[in-house]
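The primary structure of each chain is shown beneath.
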There are 2 protein chains.
Amino acid sequence: MEIKEIAGGVCAPKGFKAAGVHCGIRKNKTKKDLALIVSEVPANAAGVYTSNLVKGAPVVVTKNNLADGKAQAIICNSGNANTCNTDGIRVAKEMCSLVEKVSGIKANDVIVASTGVIGQKLSIEPIAAAMSGLYSDLGNNSVDANEAIMTTDTTQKTVAVEFTIAGVKCVIGAIAKGIGMVCPNMATNLIFLTSDVSITSKMLQKALSEDVKSSFNMISVDGDQSTNDTCCILANGLAGNKIIDSEGADFEAFKTALNYCTVKLSRMIAKDGEGATKLIECKVSGAGSESMAKNVAKTVIKSSLVKAAMFGADANWGRVLCAIGYSGEKVNVNSIDVTFVSRAGELFVCKDGYGVDFSEELAKKVLSEDEIKIIIDLKLGSYKAVAWGCDLTYDYVKINGDYRT
Amino acid sequence: MEIKEIAGGVCAPKGFKAAGVHCGIRKNKTKKDLALIVSEVPANAAGVYTSNLVKGAPVVVTKNNLADGKAQAIICNSGNANTCNTDGIRVAKEMCSLVEKVSGIKANDVIVASTGVIGQKLSIEPIAAAMSGLYSDLGNNSVDANEAIMTTDTTQKTVAVEFTIAGVKCVIGAIAKGIGMVCPNMATNLIFLTSDVSITSKMLQKALSEDVKSSFNMISVDGDQSTNDTCCILANGLAGNKIIDSEGADFEAFKTALNYCTVKLSRMIAKDGEGATKLIECKVSGAGSESMAKNVAKTVIKSSLVKAAMFGADANWGRVLCAIGYSGEKVNVNSIDVTFVSRAGELFVCKDGYGVDFSEELAKKVLSEDEIKIIIDLKLGSYKAVAWGCDLTYDYVKINGDYRT
């Protein structure tokens, strides 16, 4: 199946518009802090959310609004997570009502999300004051919407792809924010996907729920799981394909395109982890089960010692083996091979659990690249998994030592 | 029961001698790297070890040597973990044989331990060459032995206490090393305890195994679990108390004194975590079960975001709540209170899951101290737990970004 990347982000599929403005939640007036994404027509929708018991108020409201599988708009602010404050639910609902007032889209067809500091009240006034301007800015402005949902992100995270379902051209677009508190159990921080595919809410939810297991759920920046993780998709059907209402070739085509987008975003999110200078990709093969493959890959990616070694371009493979050993999986320590790979070359460091001689010069070269693969072969079975993370740097500490002020 | 701290470390109990020398495993000649601890008479012994599937060769050899509950000497080197190399078991056994050769203590009555880099061969030659000098140095030299087992530790970790069992004066002494890869499931890195108490091997093992659950197992520096964690105790019976061979008042007295030592060492190990500037103590009360109390306390202590906030003296309590929320425990989010406490005062930040107003000035004062308590009341039941950790600093990254070179 051919998948072609195109421009436009969430506005790439037919019938979607977006906007982003500075409304005043953030003090820095040059940083946009309020985003709106709207479909011209009602869309089927699906979502996955944080499994943290402490949930942001917007997560609660969005879950409720999506219970019927329908939505037409997404409103999202940065600068305040609207979480753990006594007034959160009211404010999150009020944000949906403001969308209804300005657009006519029913409040319960609005997805609401917030990101930023936990525990402070979110004032509705700046949002209310910015609403009509935000609505009139709606257009081909995915970049503005993406900026408005960023916190300490240093890069925009967006993708859009074109593909065909039974000969009909379809599009999926997306924007995401990543950064700290990235260790999702379902979806990482905020990811908004749009599509013009025609698909039932049920199949859309099924596609998304299955997808995140091998995409967003395989990222870890710091092992902390956010209270506000939300990944939502709207599919408005304007592509005109025969509606996907069951499994089969059309559903598989949609899932393949969706996975292309989510894996690309996962890599972007991992690479732009707080303070990160490197993307670390851990590929596990030869596992005895899928869960073993996934668990080993994530345990390695999460190890602070592995992450710090990657920052220092230090081929300290013993830490990789150590992490595999405490993963809780019944691996055979004496059948594990480890190789570090990057654009600069390949470094075989561990065979059957024991160190092999390698060139320190080559090691520095391989590990000084900004994308590093840790390849692990467990030689027990045929299951595979990939996880994405980043290095642990001075800047992670700096950013998180003084986040509120 | 009265417990009095005394000087002398592992040499404080009757009949124990220690020594530490530089033998040459480390290049830095001013740093001791080989320690020996000997009991004049055979001792009962017990140990707990890493649960990492990747185990250092010395762990395997020590476990085997302690199978009969007897030991009389401990030999330990720093600078090389003797782990994940093809020759490890032979070298670890050879270290025990060298002790036998010089002292007459049987090789299988020797506890052997190593700490340092994983995956490199440990050369026996410098150890063999240093052996007779090390043996002749044996004396009241707990400080030297402690220095010899340190890696990136910045402080010595030692304690000794005097107490009575049924009117008989008894002593426990200990030295430990902590630092990175500290997230034990049984015991943290290297802890050697000596005692002149008379107790059977079986009761000694029982006391130690129970103790570590609320002491060393409740520390986390970086969430990584070492391949070489070893905690051993020798009890040579020279105090002359009636032998402890069952539960009862004498056993409880011994356990109380033991716990005094292990908790004190736990706090020292956490406070001296790699790069740490602060000891973080998390006290959980009101839990619905013991495992809930322990799991919540450890999850908070392990959160990179909480640790970075403590480094920055930032009262970002939302991260504490967030960590509780992903602990996997069924807490009631709307009945959680959180308070930060230090010598500088008390800061109540969260009531029933919601933020309360507090003075940022007081917050800075409270969190700028070098020992901070995070007090969490879950208001669900009566179970309690304490966990110890440290802040996450630039220096953690620096130390671990380039450990091998």
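Refer to the structure printed above.
Analysis parameters
- Residues numbered from 1 in each chain as written.
- Chains lettered and ligands numbered in written order.
- Predicted model: local features only at pLDDT ≥ 70, side-chain atom pairs only at ≥ 80, totals over all residues.
- Heavy atoms only, no water.
- Buried < 20%, exposed > 50% of the residue type's maximum accessible area, 1.4 Å probe, protein only.
- Helix = DSSP H or I, 4+ residues; strand = E, 2+ residues; numbered from the N terminus.
- Pairing = 2+ DSSP bridges.
- Axes fitted to C-alpha atoms, helices over the stretch in contact; angles between N-to-C directions.
- Parallel < 35°, antiparallel > 145°, perpendicular 65-115°, else oblique.
- Left-handed = near helix turned anticlockwise from the far one by under 90°.
- Contact = heavy atoms within 4.5 Å.
- Nonpolar A, V, L, I, M, F, W, Y, C, P; charged D, E, K, R; others polar.
- Least-squares fit on C-alpha atoms with pLDDT ≥ 70 in both.
- Buried area = accessible area lost by both parts, 1.4 Å probe.
- Salt bridge = Lys/Arg side-chain N within 4 Å of Asp/Glu carboxyl O.
- Polar contact = N/O pair within 3.5 Å; in protein donor to acceptor, adjacent residues only side chain to side chain.

Draft legend 1. Layout of helix α8 (residues 304-311) of chain B. All names here are of chain B. With seven of its eight residues buried, α8 lies for the most part within the structure. Among the residues of α8, Ser304, Leu305, Val306, Lys307, Ala308, Ala309 and Met310 are the ones counted as buried. Downstream of α8 by a residue or two, alanine 313 has a phi angle that is positive, lying close to 50°.

Draft legend 2. The sheet that holds strand β15 (residues 383-390) of chain A, seen in detail. Residues and elements named next belong to chain A. Within the open sheet, the six strands sit side by side as β13-β12-β11-β14-β10-β15. Their pairing is mixed. With one partner strand each, in any of the chains shown, β13 (354-355) and β15 form the two edges of the open sheet. With seven bridges joining them, strand β10 (residues 279-287) and β15 adopt antiparallel strand pairing. Within β15, the residue paired with lysine 283 across the bridge is valine 386.

Draft legend 3. The arrangement of the packing of helix α7 (residues 290-302) of chain B against helix α9 (residues 318-325) of chain B in detail. Residues and elements named next belong to chain B. Between α7 and α9, whose axes approach to 8 Å, the crossing angle comes to 130°. Relative to α9, the element α7 lies oblique. The handedness of the crossing between α7 and α9 comes out as right-handed. Along the contact surface, α7 presents Val296, Thr299 and Val300, while α9 presents Val320, Ala323 and Ile324. A class-by-class count of the residues in the contact of α7 with α9 yields five nonpolar, one polar and no charged.

Draft legend 4. Highlighting the relation of the copies chain A and chain B. Expressed as a screw operation, the relation of chain A to chain B combines 0.0 Å of axial shift with a rotation of 180°, fitting to an RMSD of 0.0 Å. Read as a symmetry element, the transformation amounts to a two-fold axis. Closest approach to the rotation axis among the C-alpha atoms of chain A is made by tyrosine 394 of chain A, whose C-alpha sits 2.5 Å away. In this assembly, 100% of the residues forming the interface of chain A have copies in chain B that are likewise at the interface, indicating an isologous arrangement.

Draft legend 5. Main features of the interface of chain A and chain B. At the interface, 53 residues of chain A touch 53 residues of chain B. Taken over both partners, the interface formed by chain A and chain B buries close to 4,300 Å², and the fraction arising from carbon and sulfur atoms is 61%. For the pair chain A and chain B, the number of links is zero salt bridges. Connecting chain A to chain B are eight residue pairs in polar contact (both at pLDDT 80 or more). Elements represented by at least two residues in the side of chain A that touches chain B include exactly α8 (304-311), α9 (318-325), β13 and α11 (394-401) of chain A. If you tally residues by element for the side of chain A that touches chain B, the top one is α11 of chain A, at six residues.

Draft legend 6. Representation of the pairing of strand β9 (residues 230-235) of chain B in the model. All names here are of chain B. The element β9 is largely enclosed, with a buried count of six among its six residues. Where burial is concerned, the two faces of β9 agree: the one with Thr230, Cys232 and Leu234 and the one with Cys231, Ile233 and Ala235 are both buried. Judged from the six bridges that link them, strand β8 (residues 190-195) and β9 form a sheet pairing that is parallel. By the bridge assignment, leucine 193 is partnered in β9 with isoleucine 233.

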